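Below are the chains, spelled out letter by letter.
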Amino acid sequence: MLLFLKAVVAGLVAITSIGVAAESPVRFERVILTEQYFSDGIHCGDINRDGRTDIVSGPFWYEGPAFDLRHEFYPAVPHEPAKSPTDSLFSCLYDFNGDGWLDILVVGRVHLHPACWYENPAGSQGLWKKHYAFERIQGETPPWADLNQDGRPELICHWENRWGYVQPDWSRPTQPWSFHPITAEGNFDRFYHGTGVGDINSDGRRDLILNDGWWEQPLVGSGTDEWTHHPFRFAKKGGAQMYAYDVDGDGDSDVVTALDAHGWGLAWFEQVSEDGKVTFVEHTIMGDRQSESRYGVAFSQPHAIDVGDINADGLTDIIVGKRRWAHGPDRDIEPGAAPVIYWFELIRTKEGVRFCPHLIDDESGVGLQVVAADVTGNGAVDVLAASKLGAFLFVNRGNTKQSHMSQATQSRTKMEILGNPERCLGSIFGAVMPFDCNARGRSVAAKDCIFPKLRPSLTTRFRRGRETPRPGGNGCVIGRYSEARSPTTDAGIGVSIDATMRQPAEKWTSPRQPVRTDPGEMSGTARQNESGKDDVPSSRSTYSGGREETRN
């Protein structure tokens, strides 16, 4: 029987943050792919052509649907989180050589690394063949999109003070790629913030969206290669990815963007007409700490954004997180605050539009790429994120009012208290309370609610980059032990643990220690083998991928 350790973003956080953000109508289940820092980018696609979605982040791709088997396609070198970003800031997938297998494009740091793509060996084992693509991809959030609408994606960036796109000669994709300029020459910083693609003027052609306005794509055959600039300053400093879609339902494209990728702010810009020209009106979604009570949440460094219909209501929501230590642990704004990921629910009413924030996770954060996609194939939009804390999948389990078990299972719940029960319960409820910890209708003292078999592993591995809480110590862990059983045979078919650690009045000051991954080991998974012994679970996860293939 497998023991799965599932992170809870509610728990004590919800108790101590009442009124800060609304209870999420969607429940996410957290899967740790790795707790080592390899990459700030992540993406997904069917890499091995088995009909199931896989995940790629840094030097590994993780085989779906379990994501517990990872394959190294270029030499894996973990990086120190406190130092500069890695050589893998973005991961993109496409079949570049037309052999029917998805290849992987890796984009590194703006000023240090060339863009390269790795050729899928069509099912063979070992490292993949590396191909040089382009010298430098300038701009901090280069979209990977079909801007020129030729049926193939391009990498959108600027080069030699002009914006455009990089793409291969599709008849010779292994040769160095070329840059195709589309704007007039300007003065663009290589670390430019705020880039996107979308049809602003509803003419059926995709436009280039930058923090400095939008560039209108000309009609094919118009005789000009230079796109028309429509100036508009969306933000003082600029955010991350920018998106154009109809937020308010009036039929035109509005713009969604962060305001400062290393500061504060998230907004949508309503498209309006002024003297027959397109312009925009700003509507704040999230501000700084002073406006937290007004907008429901506040976090700095919103450096990765994606959009998708999280709650399947037909409206496009926003997924955004706090970048973890963009410039190290002592710089930027609130570097020690919780590395959160939120989704902002789009709600339309007669009074207008509003976005309601819902917490997805507070132990991961983002790097430069967050992805909203149906990874598990259940029809719901999941979330992928990579940061200096590792790589993560957040599985969308749907409506929180529905059971997270399938219809073929039912849940039996037990409560578990670890650490100092009196301190823990007293800090939450003001007094020690009895619990029905074995779900048999009999309340017992909190100190008797500890499961002996699970207690050692949990108390030794739950940590936030600091001293591990132990029985009698200052910290505490509260957990819920749920055993799923078949309603027909009463056979055990799975066990999960919800757990949340509380450290009062303490900010995170360092990342969690990485979990060692050995070949054949499912790191971070509490497993029961045939002898009945439990492996040690990792901190706050559903399960942690990391069973590495054996290379020839």
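Keep in mind that what you see is a predicted model, and the values were worked out from it rather than measured.

Participant: What am I meant to see in the overall build of the protein chain here?
Facilitator: Along the protein chain, the regular secondary structure elements total four helices and 34 strands. Relative to its 552 residues, the protein chain shows a buried fraction of 56%. In the protein chain, of all internal contacts separated by at least 6 residues, the share reaching a separation of at least 24 is 55%. Accessible surface computed for the protein chain: about 23,300 Å², of which carbon and sulfur atoms make up 47%.

Participant: Sorry if this is basic, but what is going on with the pairing of strand S28 (residues 382-387) here?
Facilitator: Regular strands show a simple pattern: their side chains alternate between the two faces of the sheet. For S28, a buried count of six out of six residues is recorded, marking the element as mostly surrounded by other parts of the structure. Side chains Asp-382, Leu-384 and Ala-386 project from S28 onto one buried face, and the interleaved Val-383, Ala-385 and Ser-387 project onto a second face that is buried too. In this structure, strand S27 (residues 370-373) lies alongside S28, joined through four bridges in antiparallel fashion. Bridging across to S28, Ala-372 finds its partner in Val-383. Where S28 lies against strand S29 (residues 390-399), five bridges are found, and the strand directions are antiparallel. Residue pairing in the sheet places Ser-387 in a bridge with Gly-390 of S29. Linkage of S28 to S29, two consecutive antiparallel strands, is achieved through a turn of two residues.

Participant: Before we go on, may I ask you to explain unusual backbone geometry in this structure?
Facilitator: Glycine aside, the phi torsion of most residues is negative, and most peptide linkages are trans. Omega for the bond connecting Gly-64 with Pro-65 falls within 30 degrees of zero, at 10°, which places this linkage in the cis form. Tracing the backbone through its elements, the reader meets Pro-65 in the loop between strand S5 (60-63) and strand S6 (69-72). A positive phi angle, near 55°, is found at Asp-275, a position not held by glycine. Looking at the element boundaries, Asp-275 is found in the loop between strand S21 (266-274) and strand S22 (277-286).

Participant: Mind showing me how you'd approach the sheet that holds strand S19 (residues 241-245) here?
Facilitator: The strands making up a sheet are joined through hydrogen bonds of the backbone, oriented either antiparallel or parallel. The sheet built from eight strands is open, its strands ordered S18-S17-S16-S15-S19-S20-S21-S22 with mixed pairing. The open sheet has two free edges, formed respectively by strand S18 (228-231) and S22, since each of these has just one partner strand. When the angles between neighbouring strand axes are averaged without regard to direction, this sheet yields 25°. The pairing of strand S15 (residues 195-198) with strand S16 (residues 207-210) spans four bridges and is classified as antiparallel. Bridging from a neighbouring strand, Gly-198 pairs with Asp-207 of S16.

Participant: Which parts of the structure should I look at to understand the side chain of Asp-260?
Facilitator: Among the secondary structure elements, Asp-260 is positioned in the loop between strand S20 (254-258) and S21. A distance of 3.0 Å separates a polar side-chain atom of Asp-260 from the backbone nitrogen of His-262.

Participant: Please explain empty space enclosed by the protein as it appears in this structure.
Facilitator: Rolled over the atoms, a probe with the dimensions of a water molecule shows which regions are left empty. Counted by the stated rule, this structure contains two cavities of 30 Å³ or more. Looking at the second largest cavity, its volume works out to about 30 Å³. Lining the second largest cavity are Thr-34, Gln-36, Phe-38, Ser-39, Ser-57, Tyr-62, Ala-386, Gly-390 and Ala-391. In terms of residue class, the lining of the second largest cavity is built from four nonpolar, five polar and no charged.

What counts and how
Residues numbered from 1 in each chain as written. Predicted model: local features only at pLDDT ≥ 70, side-chain atom pairs only at ≥ 80, totals over all residues. Heavy atoms only, no water. Helix = DSSP H or I, 4+ residues; strand = E, 2+ residues; numbered from the N terminus. Buried < 20%, exposed > 50% of the residue type's maximum accessible area, 1.4 Å probe, protein only. Contact = heavy atoms within 4.5 Å. Areas by Shrake-Rupley, 256 points an atom, 1.4 Å probe, with all protein chains shown as cover. Pairing = 2+ DSSP bridges. Axes fitted to C-alpha atoms, helices over the stretch in contact; angles between N-to-C directions. Polar contact = N/O pair within 3.5 Å; in protein donor to acceptor, adjacent residues only side chain to side chain. 1 Å grid on protein atoms, 1.4 Å probe; cavity = no way out; pocket = protein on both sides within 12 Å on 5 of 7 lines; lining within 4 Å. Points joined across faces, edges and corners; volume = space filled by probe spheres on them. Nonpolar A, V, L, I, M, F, W, Y, C, P; charged D, E, K, R; others polar.

Geometric values such as these leave the question of function open.
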